[in-house]
Amino acid sequence: MDRRKSIKTLLVGGASAGVLVEACKLADKKTNAPEEQHVAASPYDYNRMQEEADEYKRVSAEKFFTPDEMATISILADIIIPRDDVSGSATDAKVPDFIEFIVKDMPEHQTPMRGGLRWLDIHCLTRYEKPFKDCSHEQQMEMVDEIAWPKKAKPEMMQGVAFFNLMRNLTATGFYTSEIGVKDVGYMGNTPNQWNGVPADVLKQYNLSYSEKELKECVSFDVKS
Amino acid sequence: MWQKLIYYLTNPSGTDYLLKKHGEKTAIRAGSLSSKWQGYAETAGYNMSSMPVAYAHSSVKKIFCRQAFKSFKFIVSITQTIRVFMGGLQIKKQSRKYDAVIVGSGAGGGMATYVLANAGLKVCLLEAGPMFDPKTDSCQLRNPWESPRRGASTKYRPFGDFDGCYWGWEIDGEPYTQSGEQKWEWWRARMLGGRTNHWGRISLRFGPKDFKRKSIDGLGEDWPIGYEDIKPYYDKIDRLLGVFGTNEGLDNDPDGIFLPPPKPRLHELFIKKAATSIGVPVIPSRLSILTKQINNERGQCFYCAQCGRSCKVYGDFSSSSCLVIPALKTGNVDLITNAMAREVLTNKEGLATGVSYVSKNDMQEYQVEGRTVILAASACESARLLLNSKSQRYPNGLANSSNVVGKYLHDSTGADMGGIIPELFDRKRYNEDGVGGMHVYSPWWLDNKKLDFPRGYHIEYGGGFGMPLYGFNWGIENLNGTYKIKGKQKEAGGYGTSLKEDYRYFFGSHVGMAGRGEAIAREDNYCEIDPSVVDKYGIPVLRFHTKYSDYEIKQAKHMKETFSEILHAMGAVITWGGDDGPHNNYGLHNPGNIIHEAGTVRMGNDPKRSPLNKWSQAHDCKNLFCVDGGPFVSQADKNITWTILALSMRTSEYIVDEMKKQSI
């Protein structure tokens, strides 16, 4: 089947419709810009074995974090990934929901997260007589600064450092795999493409070039076929 | 009326009659059914008024009917009703006798199915897993946020939530055990097409030396065939299935019939420059991905780098899309999915007569007869089947008078290393996906006579702008205090707007490399039947006994030294894999971990030392064959898939010939 037909069969297969309609138009163009990608109407409707579907149902029905813990997680997530002039915040990208699910899906995160959150609250209660989420913004940032810098932290803060590292990693994973985050970091793949090699200006920037052999032997999209 | 129904339901040929006469539609009008029979159908779990899509297959167990406007049709489950009526477990024999019963639908089984079906033979293909068609079942082009775990690995899909392989290192209810010093890691896929749905598409021919290693270095064994025996089949497969690459005139990495390769990516140009400068060759990779269209049934690659998810346009090789599904179109194949083979059946003359299996759909036992039996369940599963097929004539297992089935088990060696290239920080964004694998690689380039280990390895490369998935830039606190970011020295860790800048800065600067080498096949590395453990089907499981020797460990050491040099030559900083040493076998992966296991049903001219002859035909049982990784005497510094396909095609053509001559 030709390129257009082969790409159109993807519509039957159920991949994002928006990408593919535009990709068909792209087939003969030389642009690399991806079109807006649409999320499937019902989440998580991709191919699953029965065992996977059953486990997802079971796990997502569980409850792990309390509302207070979720509130603390949301505040921390937005400190780690706030809104800036490039993209939204962690809560804009629904990172707390992701963290809520992932600790149920990966139970090894449960104790470090629950314990870390309680560690944080105990320290805030001791200093400010309030749990972290009820402290003022200045108090919260003062506390965060004690545990956000692994090489500068005091020895007695190291458990907090370990917790904040985990919180940072989970927040970043949840953020950069969201639609907002993928756009922020600039990943431009996951769409039908014509790979014609490294763009010329990038080759020039790194003082590289394709050899004559490569130019002769490799797939090229310079000439319309 | 009811006597007739009972006759049809309990008489297998009556079942066929029922089907043929009434086609897919009605069995009997529900209006005329007594409430007792309606009750039986309901007990079997069927809603009398539901409207499923009409579905039947020729080895029929169920008939579903489509509801029409006026007349009320109902659903009857033949086997469930028989069970309710007859009251218990029994072994049901298929009425039809096939020319071949094939166990396993991966590379070897898929190829055998394709060749035999196209030659007009009647094939029954048993597959332990469910149906899988990449066209409808692939997760290709799904975005990371479409998975609640953002593509993370699970027990069901160890390579990631979108990966195109069902199961892997562990399968619920199907354990395996260990008795050796090192742990064997066993990968098992359960789906149509097996692991060929998600594999790396690295399609390397063995070279002439790879068949004669014992003659070269005195270790292991020579194959009973040579490159000239298999070359015609490599040529046919290159044309039939499509592989890109270039002819480089290398003496042990033979030329082929190649489609054009894709241009190297940016990190690959860095690698090529650095490796070449220290004497490590870098050439275009050889992957079974269609950079040009080769037929009307399959589409052309569109560079989404997701071959691992399997390809909806059949742009890369999977046994499901390229062999089995086309074979089904001949009308000569009865595919039975969710069929776990239990043992190979034999008669008192010692010939194979068929296979007994359990259906996962109804947990009932079945037997299917064939003129030949072809095992392709993967190297260890095929050995397991043979060892479990005991009889008076074969007390040691079928085709095992050599006592070698399960032995000489070996896998590719593996060791890896990676880092970052500071020159690539903060780089310009563009779509860099390419194909689902490396565009360049390094074939083995040295003379082992000058080294302290006997066999070689090839190097696979990775890097670039990968799709953000679970684990994205995990551990940034180890990076963002070490390097200046946009000219600023920052404190490691942190948060906020500055942290977001860091994630953008490092994206696309990672690089990695992996060695895949040849291990020596040894008799004391083996799998055997565990004397006391069975799986949930009551089938005795395998127990593994494997250990790497100094040869493999020294090879891994050499890999690490080479990677270190290449990374240094390109100005990269090693961030992982650089701390391995003698304390951990230089990071050598556990045997089995590379998922290229082979050797357990090896071929050879001497029946006392090998179960199969040079046609992959059992010495002891001439109508029994094995066409997966089992027959491999050794496995080269390549991987084995392209050779599995070539050998399976060769054996299948031999079977067709022998059947025409009535020799089997």
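Residues numbered from 1 in each chain as written. Chains lettered and ligands numbered in written order. Predicted model: local features only at pLDDT ≥ 70, side-chain atom pairs only at ≥ 80, totals over all residues.

### Topic: the overall build of chain B
Part 1 of the argument: Along its length, chain B carries 14 helices and 18 strands.
Part 2 of the argument: In chain B, which comprises 664 residues, the proportion classed as buried is 54%. (Helix = DSSP H or I, 4+ residues; strand = E, 2+ residues; numbered from the N terminus. Buried ≥ 20, exposed ≤ 12 C-beta atoms within 10 Å, placed from the backbone.)

### Describing the overall build of chain A
Part 1 of the argument: Broken down by element type, chain A carries eleven helices and zero strands.
Part 2 of the argument: Along chain A, helices and strands appear, N-terminal first, in the series α-α-α-α-α-α-α-α-α-α-α.
Part 3 of the argument: The long-range fraction of contacts in chain A, counting pairs at least 24 apart against all pairs at least 6 apart in sequence, stands at 50%. (Contact = placed C-beta atoms within 7 Å.)

### Description of the sheet that holds strand E11 (residues 413–420) of chain B
All names here are of chain B.
Part 1 of the argument: Pairing is antiparallel in the open sheet, where six strands are placed in the order E6-E12-E13-E14-E11-E17. Only two strands of the sheet have a single neighbouring strand rather than two, namely strand E6 (283–284) and strand E17 (573–576).
Part 2 of the argument: Where E11 and strand E14 (residues 510–517) come together, eight bridges link them in antiparallel fashion. Pairing of methionine 417 across the sheet is with methionine 513, part of E14. (Pairing = 2+ DSSP bridges.)

### Considerations on the confidence of the model for chain B
Residue and element names in this part refer to chain B.
Part 1 of the argument: Model confidence for chain B is summarised by a mean pLDDT of 90, while 87% of its residues fall at 70 or above.
Part 2 of the argument: In the model, residues 43–85 has pLDDT below 50 throughout and makes 69 contacts with residues more than four positions away in sequence or in other chains.
Part 3 of the argument: Reported for the predicted complex are a pTM of 0.87 and an ipTM of 0.85. (pLDDT = per-residue confidence, 0-100.)

### Describing the nonpolar core
Part 1 of the argument: Counting 122 residues, the largest nonpolar core has Ile102(B), Val123(B), Leu126(B) and Val355(B) as its most contacted members.
Part 2 of the argument: Beyond its immediate chain neighbours, meaning those up to four positions away, Val355(B) contacts Val101(B), Val103(B), Leu126(B), Ala341(B), Val344(B), Leu345(B), Val368(B) and Val373(B).
Part 3 of the argument: By size, the runner-up hydrophobic cluster in this structure holds 80 residues, among which are Leu76(A), Val103(A), Trp444(B) and Met570(B). (Core = buried A, V, L, I, M, F, W, Y, C linked by C-beta atoms within 7 Å.)

### Here's the deal with the pairing of strand E13 (residues 457–463) of chain B
Residue and element names in this part refer to chain B.
Part 1 of the argument: Across the seven residues of E13, six count as buried, placing the element largely inside the fold.
Part 2 of the argument: Relative to E13, strand E12 (residues 440–442) runs antiparallel, the two being bridged by two bridges. Bridging from a neighbouring strand, tyrosine 441 pairs with glutamate 460 of E13.
Part 3 of the argument: In this structure, E13 lies alongside E14, joined through seven bridges in antiparallel fashion. Within the sheet, the bridge partner assigned to glycine 462 lies in E14 and is glycine 512.

### Comments concerning the packing of helix H6 (residues 110–128) of chain A against helix H8 (residues 158–176) of chain A
Residue and element names in this part refer to chain A.
Part 1 of the argument: Relative orientation of the contacting elements H6 and H8 amounts to 125 degrees, with a least axis distance of 9 Å. Of the possible angle classes, the one that applies to H6 and H8 is oblique. Crossing angle aside, the handedness with which H6 passes H8 is left-handed. Contact residues: Pro112, Met113, Gly116, Trp119 and Leu120 in H6; Gln159, Gly160, Phe163 and Leu166 in H8.
Part 2 of the argument: Looking at the contact of H6 with H8, its residues break down into six nonpolar, three polar and no charged. (Axes fitted to C-alpha atoms, helices over the stretch in contact; angles between N-to-C directions. Parallel < 35°, antiparallel > 145°, perpendicular 65-115°, else oblique. Left-handed = near helix turned anticlockwise from the far one by under 90°. Nonpolar A, V, L, I, M, F, W, Y, C, P; charged D, E, K, R; others polar.)

### Section: unusual backbone geometry
Residue and element names in this part refer to chain B.
Part 1 of the argument: Even without glycine at this site, methionine 363 takes up a positive phi of about 55 degrees.
Part 2 of the argument: Within the secondary structure, methionine 363 sits in the loop between strand E9 (352–359) and strand E10 (364–375).
Part 3 of the argument: For methionine 363, a count of 11 C-beta atoms within 10 Å corresponds to the exposed category.
Part 4 of the argument: With phi around 55 degrees, tyrosine 586 is a residue other than glycine that occupies positive phi space.
Part 5 of the argument: Turning to its location among the elements, tyrosine 586 is positioned in the loop between E17 and strand E18 (624–626).
Part 6 of the argument: By the C-beta count within 10 Å, which is 20 here, tyrosine 586 ends up buried.

### Overview of the interface of chain A and chain B
Part 1 of the argument: Opposite the 69 residues of chain A that make contact, chain B presents 70 residues.
Part 2 of the argument: When residues of the side of chain A that touches chain B are traced back to their parent elements, those giving at least two are helix H1 (3–13), helix H3 (50–61), helix H4 (67–80), helix H5 (95–105), H8, helix H9 (179–185) and helix H11 (212–217) of chain A.
Part 3 of the argument: Residue classes in the side of chain A that touches chain B are distributed as 37 nonpolar, 21 polar and eleven charged.

### Concerning the confidence of the model for chain A
Part 1 of the argument: Confidence along chain A averages 86 in pLDDT terms, with 80% of residues attaining 70 or more.
Part 2 of the argument: Note on residues 11–42 of chain A: pLDDT is under 50 here. Beyond four places in sequence and across chains, it has 51 contacts.

### What about the sheet that holds strand E15 (residues 526–534) of chain B?
Residue and element names in this part refer to chain B.
Part 1 of the argument: Here we have three strands laid out as an open sheet, ordered E5-E16-E15, and mixed in their pairing. Two strands lie at the open edges of the sheet, namely strand E5 (177–178) and E15, each paired on one side alone.
Part 2 of the argument: In this sheet, strand E16 (residues 540–545) lies alongside E15 in antiparallel orientation, the contact comprising five bridges. Counterpart to valine 534 in the pairing with E16 is proline 540.
Part 3 of the argument: Contacts between helix H11 (residues 379–388) and the sheet are confined to E15 and E16, with E15 contributing the most and set at about 60 degrees to the helix.

### Considerations on H8(A)
Part 1 of the argument: For H8(A), which comprises 19 residues, the first-to-last C-alpha distance of 26 Å matches the rise-based estimate of 27 Å (1.5 Å per residue) to within 8%.
Part 2 of the argument: For H8(A), the tally of buried residues reaches 14 of 19 residues, placing the bulk of the element in the interior. (Expected span 1.5 Å × (residues − 1).)

### Concerning helix H7 (residues 137–147) of chain A
Spacing of three or four residues puts side chains on the same side of an α-helix, whose turn is 3.6 residues.
Residue and element names in this part refer to chain A.
Part 1 of the argument: Turning to H7, its buried residues are Gln140, Met143, Val144 and Ile147. Angular distribution of buried residues about the axis of H7 spans 100 degrees; they occupy a single face of the element.
Part 2 of the argument: Buried residues belonging to H7 abut H4, H6 and H8. (Arc of directions from axis to C-beta.)

### Things to note about the environment of Thr641(B)
Residue and element names in this part refer to chain B.
Part 1 of the argument: In this structure, threonine 641 sits in helix H14 (residues 641–660).
Part 2 of the argument: With 24 C-beta atoms packed within 10 Å, threonine 641 lands in the buried category.
Part 3 of the argument: For the pair formed by threonine 641 and glycine 194, sequence separation is 447 residues and the distance between their alpha carbons is 12 Å.
Part 4 of the argument: Contact partners of threonine 641, with chain neighbours within four places excluded, come to Ala107, Trp199 and Ser203.

### A few points about the environment of Tyr44(A)
Part 1 of the argument: Looking at the secondary structure, you find Tyr44(A) in the loop between helix H2 (17–26) and H3.
Part 2 of the argument: Assessed through the 16 C-beta atoms surrounding it within 10 Å, Tyr44(A) is described here as partly exposed.
Part 3 of the argument: Other than its neighbours up to four places away in sequence, Tyr44(A) contacts Tyr56(A), Glu146(B), Ser147(B) and Pro148(B).

### Examining the pairing of strand E4 (residues 123–126) of chain B
Residues and elements named next belong to chain B.
Part 1 of the argument: Neither face of E4 is open: one carries Val123 and Leu125, the other Cys124 and Leu126, and all of them are buried.
Part 2 of the argument: Strand direction decides the pairing type here: strand E3 (residues 91–103) and E4, joined by four bridges, are parallel. Note that in E4 the partner of alanine 100 across the bridge is valine 123.
Part 3 of the argument: Note: E4 against strand E7 (residues 333–336), four bridges, orientation parallel. Along E7, the bridge assignment pairs leucine 126 with isoleucine 336.

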